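Listed below are the residues making up each chain.
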Amino acid sequence: MKTGLSDQQPASRPLTADLGDQAIEWLVMLQSGDATARDHAAFADWCAQSPDHARAAAEARSLFAAVGQTEAAQQWQENPDIRREIGSFQSPAPGAAAPRRQPRLQPARSRAVWLRPGRLAIAGAMVCALMLAIFGGLEATGPIARWTSDYSTAIGQQRAVTLADGSVAHMNTASAFSVDFSGPRREIRLQAGEVIFDVAKDADHPFIVSANGGAARAVGTVYGVRLEDGGANVTVREGIVEVTRGDSEPLRITVGQQAHYDTDDGLKKITDADLAAYGSWQRGKLIFNQRTLSDVMAELQRYQPGRIVVARDALRGLKVTGVFETADLDAVFASIEQTTSARVTRLPLLTIIY
C-alpha cells in the first residue's frame, strides 16, 4: 500500500482531540432529554472559554446535523411512537414536580454521561431505531434494484458475468443491471453502480447500455458505465462508443476518453480519463491521484455499509494520492490519522472523520 497526502494544511489550527470529544459528549448529554437549564448554561460557559472551545462546539453541531439530514431520519422523527417517547423526555409542565435526578458527571470533567436506568434503556432503543432508519437499505443496489434486475452485487462484492452473446460484464460493488437481447439490439439497463463491459463483436446487433436517461452504443469494444447523481459517466478502454442523451447531438468518444451527462450540465466530453486508475477495482485496488479527501470518502462509502462523515470543513479539501487495497479499507483511515490532524471514529454503520 502506498499513500500520501499533500503538504497543504488546514487553514485553521487543528483542534485537540480532547476538545472535540468533549464537545460531542456535551451535545449527547444536552440532547438526551435529561438536561436542565443549568446544563445548557454550563455548556454556554464551556463554549465561551476560548475560540477553540467555540469552534469545537460548532463542528460537533455540524456533525450531528450531517448525521441527521436524511429523509429517513426525518421520517423517524415523525414516527408518532418515537415522538411519544421523546415527549416523555421533555421538562415537566410549569408547577409540576420535577422528577428526581441521579447524580451525573459533567462532560468537561469526565467522558461519562449518566442517565437514569429506565431512560437509558429507552434512549438505547431509540438510538437503535434511528440507526436502522438512517442506515437501513444503505446497500446501494437497494431492494427494488435487486428484485427487478437480472444481475446484482452486494456492497464490497465484485463479479464477472458472461452474457448470452459472449460479452462479459465486470460488476463493481453495489451494482445491478438487466438484459434484453430479444430484439435487433443488445440492450442493457444499468440500475445501480458501475459495470465495465467487454463487448463481443456483432455488427448486426449494436450493444447499448441505458442509464439515467442516456445511452452508450457500441458494436465491439470495452467500456464502462457508472451511475452518478442524475446522470452517468461513460469511459472507453478500447474502440469507439457513441453516447446520447435526450435531444443532444450524439457524442463519439474513443480510447482514454470519457463522457459525462446529467440534468444540469447535459452531455459533455472529458478527454483526459485516467485509464491507469480507471477500473483498478478489478485488480483489487483503489487508486487516487490528487483527489480531495471528500471525494475519496465518497468512493470508499461505496465499498462498505453505513455512512462516512467528514465533520471538519478544513479537512474536506485535502488532496490524497495513494494506492489502497479494496480488501483493507481500514488502511485508508489509518493513513488519514497518521498523516493529518484528523481523528477517525468507527461506529456500527457510521465512520466520523474530525
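Note that the structure is a prediction, hence the values are computed from the model and not measured.

Here is what the cut-offs are and how they apply
- Residues numbered from 1 in each chain as written.
- Predicted model: local features only at pLDDT ≥ 70, side-chain atom pairs only at ≥ 80, totals over all residues.
- Heavy atoms only, no water.
- Salt bridge = Lys/Arg side-chain N within 4 Å of Asp/Glu carboxyl O.
- Helix = DSSP H or I, 4+ residues; strand = E, 2+ residues; numbered from the N terminus.
- Buried < 20%, exposed > 50% of the residue type's maximum accessible area, 1.4 Å probe, protein only.
- Contact = heavy atoms within 4.5 Å.
- Axes fitted to C-alpha atoms, helices over the stretch in contact; angles between N-to-C directions.
- Parallel < 35°, antiparallel > 145°, perpendicular 65-115°, else oblique.
- Left-handed = near helix turned anticlockwise from the far one by under 90°.
- Nonpolar A, V, L, I, M, F, W, Y, C, P; charged D, E, K, R; others polar.
- Pairing = 2+ DSSP bridges.

### Examining the pattern of salt bridges
Summed over the entire model, instances satisfying the criterion amount to 13 salt bridges. For Arg226, the salt bridge goes to Glu299, with nearest N and O atoms at 2.8 Å. You can see Arg226 sitting in strand S10 (residues 222-228) and its partner Glu299 sitting in helix H8 (residues 293-301), a full 73 residues away along the chain. For the pair formed by Arg226 and Glu299, the shared burial category is buried. Put simply, Arg316 and Asp313 hold a salt bridge, and the shortest N to O gap is 1.9 Å.

### Topic: the side chain of Gln257
Note that Gln257 resides in the loop between strand S13 (251-254) and strand S14 (258-262). In this view, Gln257 contacts Val234, Thr235, Val236, Arg252, Lys269, Ile270, Thr271 and Ala273; residues no more than four positions away in its chain are not counted.

### Notes on the packing of H8 against helix H10 (residues 330-339)
The relative placement of two packed helices comes down to the angle between their axes together with the axis-to-axis distance. Where H8 contacts H10, the two axes come as close as 11 Å, and the packing angle between them is 160°. Viewed along their axes, H8 and H10 adopt a mutual orientation that is roughly antiparallel. The hand of the H8/H10 crossing is left-handed. Residues Leu293, Val296, Met297 and Leu300 of H8 touch H10, and the partners they reach there are Val332, Phe333 and Ile336. When grouped by side-chain class, the residues that make up the contact of H8 with H10 number 7 nonpolar, no polar and no charged.

### A short note on the sheet that holds strand S19 (residues 344-347)
Taken in spatial order, the 3 strands line up as S17-S20-S19 in an open sheet, and their pairing is mixed. Two strands in the sheet have a free side with no partner beyond their single neighbour: strand S17 (307-310) and S19. On average, adjacent strands in this sheet sit at an angle of 10° to one another, irrespective of strand direction. The pairing of S17 with strand S20 (residues 350-353) spans 4 bridges and is parallel. Paired with Val309 across the two strands is Ile352, which belongs to S20. On the sheet, H10 packs against S17, S19 and S20 and is oriented at approximately 150° with respect to S19.

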